[in-house]
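# Topology and contacts: notes
Here is how the chains run, residue by residue.
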Amino acid sequence: MRARDVQAVSAERWSGGELQRVLIALVDALRTSQGEADLLNHSLKIICEATSSNIGWLGSLDADDCFRGICLTLNPPNRMALNEKPDGIWLSALKCGEPTVIEVKSQCPPPLGVEAEVGHLDNLIIVPFSYDFPGEGFLALANSPEGYSDEVTSFVRQVVRVLETTVSHKQSEERLKEQESKFRLIADTARDAIIMIDSAGEVTYWNNAAEELFGYTADEMMGQELHVVVAPKHLHSAYIEGFQRFQETGTGPAIGKTLELPAIRKDGSEVTIELSLAAAQSHDGWHAIGVVRDISERKKAEASLQESEQRFRAIFEDSADGIVIGDLETLKFTMVNKKILRMLGYESSQIQHLCFEDIWAESWKDKMKKLFESLPSEGAHTISDCEVRRKDGRSFHADLVVSLLSLSGRPHFMAIIRDITERKALEYQMAQMQKLQSIGQLAAGIAHEINTPMQYIGDNTLFLKDAFGDISRALNALRSGKTSSGQDVQRASSPCDAFENMDVDFISEEIPKAIDQILEGVERVTQIVKAMKDFSHPDDKVASPFDVNKAIQSTVTIARNEWKYVADCELDLDPNIPPVHGFQGEFNQAILNMVVNAAHAIAQVVGDGSNGKGKIMITTRRDGNWVEVRIKDTGCGIPKDIRNRIFDPFFTTKEIGKGTGQGLTIAHSVIVEKHKGTLTFETEEGKGTTFVIRLPIKRDA
């Protein structure tokens, strides 16, 4: 056959049946291949066989300019996955965008990614193409006995166009499957119910969360009209009206919004849901996708939170104490209640511009500054009896509790301020009443204690007066012979006669004793008066050092008439304890109350003391930075059922008229609140009680 005839046959072959056969084969490969890689492998084999090429390459460049694809050889049959950087003619052919044909063996480049034993290339065609791959790709064929004529090149170009479309379609199909798989994975594992309905309002998708929420399985819901199954009956008409609009336009009152609605479960119970709807148009009309969340618990929590907020507001606004909330960094007020406004005399608009440091008396500002500096580490502080300054400059006494809290991610403080002005006045009145009661209680005893030495002072003075009269008359008789009135007296016959009527020995012996007893009585009265003076030490407004031992001695002395008939009182006072910083007058009162209490407890055991006495033992000692005072009695002890009440105001077990129930209460207030000490007790019924007082040696004034 002539060359012209061969060319004609070749042209007819590549423009007619062969192209159709290859295209059919490629379409079949698209249908039967399991994925993109499988499609590329089948397609390359079909093209190699159609063009009688022994080697073929198909793939693309990635972001790093590496060729990622496959290389296929028909003889021997082999398939290799490639990941190599092309260079030379391979890279330039890819970049130029037009087919490159090399028919001269010596001009062919080394085979891309093929082992050396495959051999060299006799001829080569490289056809670039573009499809939805990571980068530009190419189809290359080599070693065809027939070579690569213009007709073959044209055929390969047409096949490449089909291949672009085929691969893109396969990729889209795979992406769609992947997206559908991801969607189903997400939807089936989502905590929210995901529901799809078609243009007729029938369910087309129902995930696991929807099954759990509504109680219906997916099989039960497929093809069901959604609103008929889960919407309450009173909402059906509104649903139908809205859905008709959705069918026509894809819009509606619920599309693109999040709504809170009631819904009905399979068991008939009602649940509150949060529904978010989106519209999607398909060939058969508008479809809707809904995300449904059960918010029943959230609604309960919101209601509970709202109720809690209302309670907080009621407590906050109607509290009998002033409450302030502020920023810890700036100390500016962010929230105040009505009580603090009345306390300070400010309007609500005025106090918002204040800082917490502005409401304290000058003597308290430095203390408050230190308090707030330590608040982050301490968490809370309680201060008794501080001074708060009003808008008009006047001050009042208050108790303060400050605690740390976090609001909106920032540290804040909450301060509760209690006006104790009335309480301070009442405490003062009670203290005065207690003192008056103590004075009334002690007055008769003190009078009796003073009367005893005064009695023998008077008796001895009368004796000295009588003795001095006898001595005076004798002396006058020995003098000029005249009486003190100047009248003449009969002169004695001798000096001894003047003393015959006097018991000189008795007078000489008794006068010194009388003088000693007078001095002893004066000393006893002096001690009692001094003890009364020490006991009635004036109350200072500012704490100052005082001698604990001296205070105890004076108190025991003036209370002697309370205990001497029922008990012996022993003192074991450590002379080396240092002074304590505090309020001596109030400490004296506390000790007096406890000594009297001990005497009364002993009296319940020994009666009037005629058959034996009990014992009160008072000891002092130093324990580190504390002074410890122990007051021990051998009384009746404290019953178990009242031990937690003995410091309560007005609580007493004594008979009416014997006690007011304020003694231990005042002692506790003085020791614990005023002196920042502790007051505890150890007791055993039938054996007695020991009260233990611990006072700090040094403390803030």
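The rules we used
- Residue positions within a chain follow its written sequence, with the count starting from 1.
- Totals for whole chains, interfaces and linings use all residues, but because this is a predicted model, local features are given only for residues with pLDDT of at least 70 and pairs of side-chain atoms are given and counted only at 80 or more.
- Working from all heavy atoms in the structure, the side-chain values ignore hydrogens and water.
- Secondary structure elements are defined from DSSP: runs of H or I of at least 4 residues count as helices, runs of E of at least 2 residues count as strands, and each element is numbered from the N terminus.
- One less than the number of residues in a helix, times 1.5 Å, gives the span that helix is expected to have.
- The angle between axes fitted to the seven-residue stretch ending at a residue and the seven-residue stretch beginning at it gives the bend at that residue.
- Only protein chains enter the accessibility calculation, which uses a 1.4 Å probe. A residue is then buried if its area is under 20% of the maximum for its type, exposed if over 50%, and partly exposed in between.
- At least two DSSP bridges between two strands are required for those strands to pair.
- Every axis in this analysis is a line fitted to C-alpha atoms, fitted for helices over the stretch in contact. Angles between the N-to-C directions lie between 0 and 180 degrees.
- Any angle that is under 35 degrees is reported as roughly parallel, and any over 145 degrees as roughly antiparallel; angles of 65 to 115 degrees are reported as roughly perpendicular and all others as oblique.
- The handedness criterion is simple: a crossing whose near helix is rotated anticlockwise from the far helix by less than a right angle is left-handed, and one whose near helix is rotated clockwise is right-handed.
- Note on contacts: a residue pair qualifies if any of its non-hydrogen atoms lie within 4.5 Å across the two residues.
- Within this scheme, the nonpolar core is defined by two criteria: the residues are buried Ala, Val, Leu, Ile, Met, Phe, Trp, Tyr or Cys, and they are joined through side-chain atoms within 4.5 Å.
- Stacked, tilted and edge-to-face are the three classes applied to pairs of Phe, Tyr and Trp rings, where Trp contributes its six-membered ring and a pair requires centres within 6.5 Å; stacked means planes under 30 degrees apart, edge-to-face means over 60, and tilted covers the rest.
- By convention in these notes, a salt bridge is any Lys or Arg side-chain nitrogen within 4 Å of a carboxyl oxygen on Asp or Glu.

Glancing now at unusual backbone geometry. For the bond from Asn-75 to Pro-76, the omega torsion is 0°, close enough to zero to count as cis. The residue Pro-76 is located in the loop between β2 (67-74) and β3 (77-84) in this model. Phi at Ser-52 is positive, roughly 55°, even though this residue is not glycine. The phi dihedral of Lys-676 falls on the positive side, at around 55°, and the residue is not glycine.

Let's shift gears to helix α13 (residues 362-378). In this model, α13 (17 residues) spans 24 Å end to end at C-alpha, consistent with the 24 Å of a helix rising 1.5 Å per residue. Along α13, the helix axis deviates most sharply at Phe-372, where the bend reaches about 25°; the proline Pro-376 sits within four residues downstream. Looking at α13, one finds that the buried residues are Trp-364, Met-368, Leu-371, Phe-372 and Leu-375. A positive phi of about 90° marks Gly-379, the residue just after α13.

Before going further, it helps to examine the side chain of His-227. Within the secondary structure layout, His-227 lies in helix α8 (residues 226-230). Relative accessible area serves as the criterion here: at 9%, His-227 is assigned to the buried category.

Regular strands have side chains that alternate between both faces of the sheet. The sheet contact formed by strand β22 (residues 678-684) and strand β23 (residues 688-696) spans seven bridges and is antiparallel. What sits directly across from Thr-683, in β23, is Thr-689. What sits between the antiparallel neighbours β22 and β23 is a turn of three residues, in which Gly-686 has the positive phi angle 85°.

Where helix α16 (residues 548-558) contacts helix α18 (residues 584-606), the axes come no closer than 9 Å and their chain directions differ by 50°. Regarding the angle of α16 to α18, the classification is oblique. The interaxial crossing formed by α16 with α18 has right-handed handedness. Only Phe-587, Asn-588, Ile-591 and Leu-592 of α18 make contact with α16, whose side of the interface consists of Val-548, Ala-551, Ile-552 and Thr-555.

Within a sheet, adjacent strands bond to each other through the backbone by hydrogen bonds, running parallel or antiparallel. Strand order in the open sheet formed by five strands is β13-β12-β16-β15-β14, with antiparallel pairing between adjacent strands. The two strands at the open ends of the sheet, each matched to only one other strand, are β13 (333-336) and β14 (380-389). Each neighbouring strand pair of the sheet contributes to a mean axis angle of 25°, computed without reference to strand direction. Two elements, strand β15 (residues 395-407) and strand β16 (residues 410-419), share 10 bridges in a ladder whose sense is antiparallel. Paired with Asp-399 across the bridge in β16 is Arg-418.

Another aspect to go through is the nonpolar core. One finds Phe-587, Ile-616, Ile-618 and Ile-693 to be the most contacted residues of the largest nonpolar core, which totals 42 residues. Broken down by secondary-structure element, the contributors of at least two residues to this core are α16, β18 (567-573), α18, β20 (614-623), β21 (626-633), α19 (663-674) and β23. With 10 residues, the single largest contributor to this core is α18. Judged by nonpolar contacts, the second largest core, of 32 residues, contains Met-343, Phe-372, Leu-375 and Ile-417.

Below, the discussion takes up the pairing of β2. Most of β2 sits out of view: six of its eight residues are buried. Here strand β1 (residues 55-61) pairs with β2 via seven bridges, running antiparallel. Bridging from a neighbouring strand, Leu-61 pairs with Phe-67 of β2. Two successive antiparallel strands, β1 and β2, enclose a turn made up of five residues, where Asp-65 displays a positive phi of approximately 60°. Sheet topology places β2 next to β3; eight bridges connect them, and they run antiparallel. When the sheet's bridge partners are listed, Cys-71 is paired in β3 with Met-80. Linkage of β2 to β3, two consecutive antiparallel strands, is achieved through a turn of two residues.

Spatially, five strands are ordered β18-β20-β21-β23-β22 in an open sheet, and the strand pairing comes out mixed. Each edge of the open sheet carries a strand with a single partner, namely β18 and β22. Strand-to-strand twist in this sheet, taken as the mean axis angle between neighbours without regard to direction, amounts to 15°. Inspection of the sheet shows β18 paired to β20 by seven bridges, in the parallel sense. Looking at the pairing, Leu-573 lines up with Thr-620 of β20.

This next bit is on α18. With 23 residues, α18 ought to run about 33 Å at 1.5 Å a step, and its terminal C-alpha atoms sit 33 Å apart, in line with that. With 19 of its 23 residues buried, α18 lies for the most part within the structure. The first or second residue beyond α18 is Gly-607, which carries a positive phi of 70°.

Looking now at the packing of aromatic side chains. A full pass over the atoms with the stated rule returns nine aromatic pairs. The interplanar angle of 65° and the centroid separation of 5.0 Å between the aromatic rings of Trp-57 and Trp-90 together place this pair among those described as edge-to-face. In this pair, Trp-57 sits in strand β1 while Trp-90 sits in helix α4 (residues 88-96), placing the two residues 33 residues apart along the sequence. In this structure, Trp-57 and Trp-90 share a single accessibility class: buried.

Its place among the elements puts Gln-247 in helix α9 (residues 236-249). For Gln-247, a relative accessible area of 37% gives the class partly exposed. Considering only alpha carbons, one finds Gln-247 and Gly-285, 38 residues apart in sequence, at a separation of 7.0 Å.

The next subject is the pattern of salt bridges. A complete count under the given rule lists 28 salt bridges for this structure. A salt bridge links Glu-98 to Arg-157; the shortest N-O distance between them is 3.6 Å. Separated by 59 residues along the polypeptide, Glu-98 in the loop between α4 and β4 (100-102) and Arg-157 in helix α5 (residues 150-189) bring together distant segments of the chain. Looking at Arg-157, the relative accessible area reads 32%, which means it is partly exposed. Note that Lys-365 and Glu-362 form a salt bridge whose closest N and O atoms lie 3.3 Å from each other. Residue Lys-365 and its partner Glu-362 are both found in helix α13; the two are separated by three residues, about one turn of the helix. The exposure class assigned to Lys-365 is partly exposed, which follows from its relative accessible area of 24%.

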